[in-house]
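What the coordinates show
What follows is the residue order along each chain.
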Amino acid sequence: MRLDKWLKISRLIKRRTVANEACDAGRVTANGKVVKASYDVSPGDVLEMRFGERVTRVKVLSTQEIVGKADAAGMYEELR
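Residues numbered from 1 in each chain as written. Predicted model: local features only at pLDDT ≥ 70, side-chain atom pairs only at ≥ 80, totals over all residues. Heavy atoms only, no water.

This next bit is on the overall build of the protein chain. Along the backbone of the protein chain there are 2 helices and 5 strands. Computed over its C-alpha atoms, the radius of gyration of the protein chain comes to 11 Å, within 12% of the 12 Å expected for a compact globule of 80 residues. Taken along the three principal axes of its C-alpha coordinates, the protein chain extends 30 × 25 × 20 Å. Pairs at least 24 residues apart make up 35% of the contacts formed inside the protein chain by residues separated by at least 6 positions. For the protein chain, the computed accessible surface area is about 5,000 Å², with 47% contributed by carbon and sulfur atoms. Mean positive and mean negative side-chain charge positions of the protein chain (16 and 11 charges, respectively) differ by 3 Å. (Helix = DSSP H or I, 4+ residues; strand = E, 2+ residues; numbered from the N terminus. Rg over C-alpha atoms; globule rule 2.2 N^0.38 Å. Contact = heavy atoms within 4.5 Å. Areas by Shrake-Rupley, 256 points an atom, 1.4 Å probe, with all protein chains shown as cover. Lys, Arg positive; Asp, Glu negative; His and termini not counted. Charge placed at Lys NZ, Arg CZ, Asp CG, Glu CD.)

Below is the structure:
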């Protein structure tokens, strides 16, 4: 699944266009490398997103296409 789509479905970013812009600006890394929105996300990947002073690190657990709002947080594990 594409990174921008995964970020939207997991509800880490509200809109896919915003996720796409964040990737284009170099604010999203996967496994320590800056990636584009077309990056193919797979379970086990560690994603890091930077928005101003806030840094969010998550480990991808699932790449399901359709997920309800209540189950969206189960798609990733937040890392410190």
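Secondary-structure assignment places S10 in the loop between α1 (3-9) and α2 (16-24). A polar contact is formed between the side chain of S10 and the backbone oxygen of L7, at a distance of 3.2 Å. (Polar contact = N/O pair within 3.5 Å; in protein donor to acceptor, adjacent residues only side chain to side chain.)

Pairing in this open sheet of 5 strands is antiparallel, and the strands run β2-β1-β3-β4-β5 from one edge to the other. Where the open sheet ends on each side, the last strands, each with one partner, are β2 (33-34) and β5 (76-79). Strand direction decides the pairing type here: strand β1 (residues 28-30) and β2, joined by 2 bridges, are antiparallel. Each bridged residue has a counterpart across the sheet, and for T29 the counterpart in β2 is V34. (Pairing = 2+ DSSP bridges.)

Its place among the elements puts K8 in helix α1. K8 sits 12 residues away from N20 along the chain, and the two C-alpha atoms are 9.8 Å apart. With residues near it in sequence (within four places) discarded, K8 still touches I13, K14, R15 and R16.

Everything listed here is a matter of geometry and, on its own, says nothing about what the molecule does.
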